[in-house]
Structure formats: structure tokens, C-alpha cells
Amino acid sequence: MSVEPYGADEESAAVLRTVGRVIKMCREREGMTQAGLATAIRYSEEQVSSVERGRRAPAEEFLEAADRVLEAGGLIAGLKKEVEKARFPKKVRDLAKLEEEAVELCAYANHVVHGLLQTPEYTRAIYGMRRPPYTEEQVDELAEARLARQKIFDQQPAPVFGFVQEEVTLRRPLGGKMVMRKQLERLLEVGQRRNVEIQVLPTDREDHAGLAGALQLLRLKEGVTVGHIEVQLISRLLSDPKEIQILEIRYGIIRAQALTPRESLAFIEKLLGET
């Protein structure tokens, strides 16, 4: 499936225009019309036209099929990585790049399960609840962008992860009971990794250092720490040392107020049994 890039910026638009020109050049070299290419790769003529004009981000299958049919020798298929980055909003690309450079990632989530821990079903359910609503194409693209960031778990050397989840995020059945069951199972699975610690902050705590909202800290390879906060229509990356110091102090207290990782996994397993 190929969708029009949501929240495209000039950088990503330029990439898609270049990809479109390459495909058009290869098609014309073979003396093939847009309709002919569409039939050969099993896409619509409108989709081929939109891709060539740089208005639509082609799916991986589109690029592979076009490369094969146009005998491009890997020229078109080799653009997959650039297209994958260009199809996501800039704020997602920037955050994903920082996550890839991190040696440690610490996060506190208070409304939903953290994006790096979400299942595909849970992610789609969250984006599907947005008001005013996204289109199905936008939901697909945003969900794909978020889930693509989870590749960080498999990179080597492996970063160290610390997640603190509010108890309510594990009890609120977003998407329905079965979606939540899969999500709890996912947390138990990821929590078994040696480089991942998941903690639950119980609702009955009488003292709470995270009332200002969710936060994320990324410690990068060169020793610099950056922060990320997101609320309503605002998504900000923070690098000011004074602001980072405040977030680090808050996160340290939040971790201390939460259950230990071992207690937390037992708590999640108990909730799974009740769901």
C-alpha cells in the first residue's frame, strides 16, 4: 500500500520528488507508459502518477516491483531506505535518529504505554482515537512510523532502556480487552530482556514526582543527554543543561517511587490474568 506522506516537510518532499524522477526516467528508458507500468506492478495508474510527481511515498513492494519490471538493476529498489525516512514526519525522524544514537533511554509514560513498547494493534487504536480524526491513510503511516522506531531494540551494541509506566496505562483497555491482553503480553516479553527495565508506578502512591507529565531522556554516545516531551500539539526536544537537570532529578525520583522491575513484571502478569 502506498500513501501520501502525512506532515511532509521540504526535506522529505525533495527526496520523494527525486525518487519520482528516477522511476520516470527508468520507465521512459524502457518505452513504457504509466498505465503499462501500473499494470505490470499491479498498482493503479493514479498511484504511479502520484509517485512520479513526488506526491506519494511508494511502498517497499512498489519500489521492488518497479525495479524488477523496469530492469533497473537495484537503482530503484536501492531507494527504499531514503523513502522510509521521507514518509515519516520530521519530528519522528529526528526522534528516531536520536534514539539510534542513544546508549541509554529512560522514559516515564503517564497516559498510554510508551511508543517503543506498543503492539501494532495498540498503536493503531491510539491513532484511531484522535480527534479530529485522522484518515485511514494517516493512521497507517503514523503507526508505521512509530513501530519502525522499535528496531532500536535489535541494534548492536544494545542500548540500556528504562521505562516507568503509570498503573492506569496498564488498566485502561484502549482498543478493547484483546488488544490490551496482547499489549500486556508484549510488556512481559520485552521486560525479560537483560538491557530493559520496566517499572510500574502504582496509583495509590501519596507522593508523585511526575505530575508535570510524560518525559524521555536520551543519553547519547558522545556523553550528551537530550530530553523529549510531548503534550497535545507540542513536541519538543530539549538540550539546555538546566532543563535536562530538572528532568533527570524528576525521573530519578519517579523511579524510586515505582515498583522494582521484578515487582513490576509480577504486577503486569497479575493484571494479564485479570484481563
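Conventions used here
Residues numbered from 1 in each chain as written. Predicted model: local features only at pLDDT ≥ 70, side-chain atom pairs only at ≥ 80, totals over all residues. Heavy atoms only, no water. Helix = DSSP H or I, 4+ residues; strand = E, 2+ residues; numbered from the N terminus. Buried < 20%, exposed > 50% of the residue type's maximum accessible area, 1.4 Å probe, protein only. Contact = heavy atoms within 4.5 Å. Areas by Shrake-Rupley, 256 points an atom, 1.4 Å probe, with all protein chains shown as cover. Lys, Arg positive; Asp, Glu negative; His and termini not counted. Charge placed at Lys NZ, Arg CZ, Asp CG, Glu CD. Pairing = 2+ DSSP bridges. Axes fitted to C-alpha atoms, helices over the stretch in contact; angles between N-to-C directions. Core = buried A, V, L, I, M, F, W, Y, C linked by side-chain atoms within 4.5 Å. Parallel < 35°, antiparallel > 145°, perpendicular 65-115°, else oblique. Left-handed = near helix turned anticlockwise from the far one by under 90°. Nonpolar A, V, L, I, M, F, W, Y, C, P; charged D, E, K, R; others polar. pLDDT = per-residue confidence, 0-100.

When you go through the protein chain residue by residue, the secondary structure sums to 12 helices and 6 strands. In terms of principal-axis extent, the alpha carbons of the protein chain reach across some 70 × 40 × 35 Å. A burial count over the protein chain gives 48% of its 275 residues as buried. The long-range fraction of contacts in the protein chain, counting pairs at least 24 apart against all pairs at least 6 apart in sequence, stands at 74%. Counting only carbon and sulfur atoms, one obtains 52% of the accessible surface of the protein chain, whose full area is about 14,600 Å². Of the side chains in the protein chain, 41 bear a positive and 44 a negative charge, and the two mean positions are spaced by 1 Å.

By the burial criterion, the buried members of helix 4 (residues 60-69) are Phe62, Leu63, Ala65, Ala66 and Asp67. Its buried side turned inward, helix 4 meets helix 1 (10-29), helix 2 (34-41), helix 3 (45-52) and helix 5 (80-86). One or two steps after helix 4, the chain reaches Glu71, where phi turns positive at roughly 50 degrees.

This part is about the sheet that holds strand 1 (residues 102-109). Adjacent strands of a sheet form backbone hydrogen bonds with each other and so pair up, either parallel or antiparallel. With respect to topology, 6 strands assemble into an open sheet ordered 3-2-1-4-5-6, the strand pairing being mixed. Every interior strand has two partners, whereas the edge strands, strand 3 (196-201) and strand 6 (234-238), have only one. The average angle at which neighbouring strand axes cross in this sheet is 10 degrees, direction not considered. Of the pairings in the sheet, the one linking strand 1 to strand 2 (residues 160-166) comprises 6 bridges and is parallel in character. Paired with Ala107 across the strands is Phe163, a residue of strand 2. Its contacts with the sheet put helix 11 (residues 241-257) on strand 1, strand 2, strand 3, strand 4 (215-220), strand 5 (225-231) and strand 6, and the angle it makes with strand 4 is roughly 110 degrees.

One finds Phe163 and Ile268 to be the most contacted residues of the largest nonpolar core, which totals 33 residues. The set of elements that each furnish at least two residues to this core consists of strand 1, helix 7 (120-128), strand 2, helix 10 (177-190), strand 3, strand 4 and helix 12 (261-274). Counting residues per element, this core draws most heavily on helix 10, at 6 residues. Those residues within four positions of Phe163 in sequence are excluded, and the remaining contacts are Leu105, Ala107, His114, Leu116, Leu117, Phe153, Val196, Glu197, Ile198, Gln199 and Tyr251. Ile23, Val48, Leu79 and Ala86 belong to the second largest nonpolar core, which has 23 residues in total.

Moving on, we come to the packing of helix 10 against helix 12. Pairs of packed helices are described in terms of their axes, by the angle between the two and the distance that separates them. At their nearest, the axes of helix 10 and helix 12 sit 10 Å apart, and the two run at 155 degrees to each other. As the angle between them shows, helix 10 and helix 12 are arranged roughly antiparallel. Two packed elements cross with a definite hand, and for helix 10 against helix 12 that hand is left-handed. Taking contact as the criterion, the partners of Arg181, Leu184, Glu185, Leu187 and Leu188 in helix 10 are, on helix 12, Leu265, Ile268, Glu269, Leu271 and Leu272. Class assignment for the residues of the contact of helix 10 with helix 12 results in 7 nonpolar, no polar and 3 charged.

Averaged over every residue, the pLDDT of the protein chain is 92; the share at 70 or more is 95%. The model gives residues 1-7 a pLDDT under 50, and that stretch makes 33 contacts with residues more than four places away or in other chains.

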